[in-house]
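Structural overview for review
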Amino acid sequence: MRLTRKRLCSFLIALYCLFSLYAAYHVFFGRRRRAPAASSRGLRKGVAPAREGRGREQSTLGSEEWNPWEGDEKNEQQHRFKTSLQILNKSTKGKTDFHVQIWGKAAIGLYLWEHIFEGLLDPTDVTAQWREGNSVVGRTYYSFITGPAVVPGYFPVDVNNVVLILNGREKAKVFYATQWLLYAQNLVQTQKLQHLAVVLLGNEHCHNEWISQFLKRNGGFVELLFIIYDSPWINDMDIFQWPLGVATWQPQETNESLKNYQDALLQSDLTLCPVGVNTECYRIYEACSYGSVPVVEDIMTAGSCGNTSVNRNAPLQLLKSMDAPFIFIKNWNELPAILEKEKTLILQEKIQRRKMLLHWYQHFKTELKMRFTNILESSFLMNNKG
């Protein structure tokens, strides 16, 4: 009996020693064997953006929300994204206690987020049902959500401050925008939401009376309104002008037509911008993106937009107030003289002018980002104290 117990103890000790040797081997030698595999995964991961870029180029043509204008600055955006993350890590220690969530339910939201805020969206696939990003500006931490899955009542609202981006250009869009406002109104009434601002793609004739009932000045709950086009409501107190921005790429367009248009802007010293339904058009901002000077037809269009008796800068008040380096004309009969003057400019002068326009446009976007943030902070935080 004693012998059997002794053998059992010896067997257990031997088994324990073997297990210890096995564990030590994997700790000291197994890690080295896994390192190359990890490196290869890292290499494959590094290659992914190039594949992703090609996939994006093919898939985005079917999306109404793809904005092609940031494509040439992708590397710079990646650098800014890393810098933003570093700033965010440093800033979240009590400094960014003011949080704002942006609900992007109109394509103009992409211009705000990707161009003015220079933010990225995850996932990058524009066909994704849900996309989001974050950024820090001043004291404010922003989060941005967009996509078909962002619908009223189907996502958790865990913030006090919201900016809702809406399209009110036509009747069908107004109906959809009204549903969002009614949803936000319910959140405010149930105290799940404290402050709300709206960025609105307004009607091209500035017929935006439908949203008036929701404004706080009229007994509603929308504290701030940022509106596109020269609305006579603009007072720079609770209603502010916002830029139209660049167009989204339509499904009927092709990679070739996109490239042809971008090449035309790159190779053109001037880009003609005649009025359409409204004086402000996407082409103005698209030309600025590539350094081609917009030649803008500076006349009022039909409708309720602008008020020259109140603001001598109408139309295009926002651009003129920020000293846009454009060529403004009242009549296209002025164009031949402008083209003759162009012939007298040497190449170096044209290059310098293009650089100055690109610099101005970057400053324009940065200034809008800071104004937007300052307005939200001063309004929402002041109302918190009140």
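In what follows, the structure referred to is the one given above.
One structure accompanies this document, and this report is about it.

Conventions adopted
Residues numbered from 1 in each chain as written. Predicted model: local features only at pLDDT ≥ 70, side-chain atom pairs only at ≥ 80, totals over all residues. Heavy atoms only, no water. Helix = DSSP H or I, 4+ residues; strand = E, 2+ residues; numbered from the N terminus. Buried < 20%, exposed > 50% of the residue type's maximum accessible area, 1.4 Å probe, protein only. Contact = heavy atoms within 4.5 Å. Areas by Shrake-Rupley, 256 points an atom, 1.4 Å probe, with all protein chains shown as cover. Phe/Tyr/Trp six-rings, centres within 6.5 Å; stacked < 30°, edge-to-face > 60°. Lys NZ or Arg CZ within 6 Å of the ring centre and 35° of its normal. Expected span 1.5 Å × (residues − 1). Pairing = 2+ DSSP bridges. Axes fitted to C-alpha atoms, helices over the stretch in contact; angles between N-to-C directions. Salt bridge = Lys/Arg side-chain N within 4 Å of Asp/Glu carboxyl O.

1. What to know about the overall build of the protein chain
- Of regular secondary structure, the protein chain possesses 9 helices and 10 strands.
- Every one of the 386 residues in the protein chain was classed for burial, and the buried ones make up 43%.
- Across the protein chain, the fraction of contacts at a sequence separation of at least 24, relative to all contacts at a separation of at least 6, is 69%.
- Taken as a whole, the protein chain presents about 21,400 Å² of accessible surface, with 56% of it coming from carbon and sulfur.

2. Some points on the packing of aromatic side chains
- The final tally for this structure, using the stated rule, is 25 aromatic pairs.
- Here the aromatic rings of F326 and W360 are separated by 5.6 Å at their centres, their planes lie at 75 degrees, and the arrangement is edge-to-face. Taken together, the residues F326 in the loop between α7 (317–321) and β10 (327–329) and W360 in helix α9 (residues 347–385) connect sequence positions 34 residues apart. In terms of burial, F326 and W360 fall into one category: buried.
- Judged by centre distance (6.2 Å) and plane angle (15 degrees), the rings of Y361 and F364 are stacked. Within this pair, Y361 and its partner F364 are both found in helix α9, separated by 3 residues, close to a single helical turn. With respect to class, Y361 is no different from F364; both count as buried.
- These aromatic residues form a ring-pair network of at least three members: W113, F117, Y142, F144, F226, F240, W242 and F372.
- K320 extends its terminal NZ or CZ atom over the ring of F328, reaching a point 5.4 Å from the ring centre.

3. So, helix α4 (residues 171–189)
- Its 19 residues give α4 an end-to-end C-alpha distance of 27 Å, which sits within 8% of 27 Å, the value for a rise of 1.5 Å per residue.
- For α4, every residue scored as buried is listed here: V174, A177, T178, W180, L181, Y183, A184 and L187.
- Elements that come into contact with the buried residues of α4 comprise β1 (98–104), β4 (161–167) and β5 (195–201).
- Q191 sits one or two residues past α4 and shows a positive phi near 60 degrees.

4. Focus: the sheet that holds β10
- Here 3 strands make up an open sheet; going across it, the order is β8-β9-β10 and the pairing parallel. Looking at which strands have only one partner, the edges of the open sheet turn out to be β8 (270–273) and β10. Direction aside, the axes of adjacent strands within the sheet are offset by 20 degrees on average.
- Pairing of β8 with strand β9 (residues 293–297), which is carried by 4 bridges, proceeds in the parallel orientation. Looking at β9, one finds that L272 is bridged to V295.
- Its contacts with the sheet place helix α6 (residues 282–289) against β8 and β9, and it is angled at close to 170 degrees to β8.

5. Some words on the pattern of salt bridges
- Counted under the stated rule, the structure contains 10 salt bridges.
- The salt bridge partner of K350 is D269, with a shortest N-O separation of 3.4 Å. On the criterion of sequence distance, the pair formed by K350 in helix α9 and D269 in the loop between α5 (255–267) and β8 is long-range, its members being 81 residues apart.
- K320 is the salt-bridge partner of D298, the closest N and O atoms lying 2.8 Å from each other. Of this pair, D298 sits in the loop between β9 and α7 while K320 sits in helix α7, placing them 22 residues apart in sequence.
- Among the residues examined, D298 registers a relative accessible area of 7% and is labelled buried.
- When salt bridges that share partners are traced, they join D269, K350 and R354 into one network.

6. Notes on the sheet that holds β4
- Overall, mixed pairing links the 7 strands, which are arranged β2-β3-β1-β4-β5-β6-β7 in an open sheet. Looking at strand neighbours, the two that pair on one side only are β2 (131–137) and β7 (239–242), the edges of this open sheet. This sheet shows a mean twist of 20 degrees between the axes of neighbouring strands, independent of strand direction.
- Note: strand β6 (residues 224–228) against β7, 4 bridges, orientation parallel. Paired with I228 across the strands is W242, a residue of β7.

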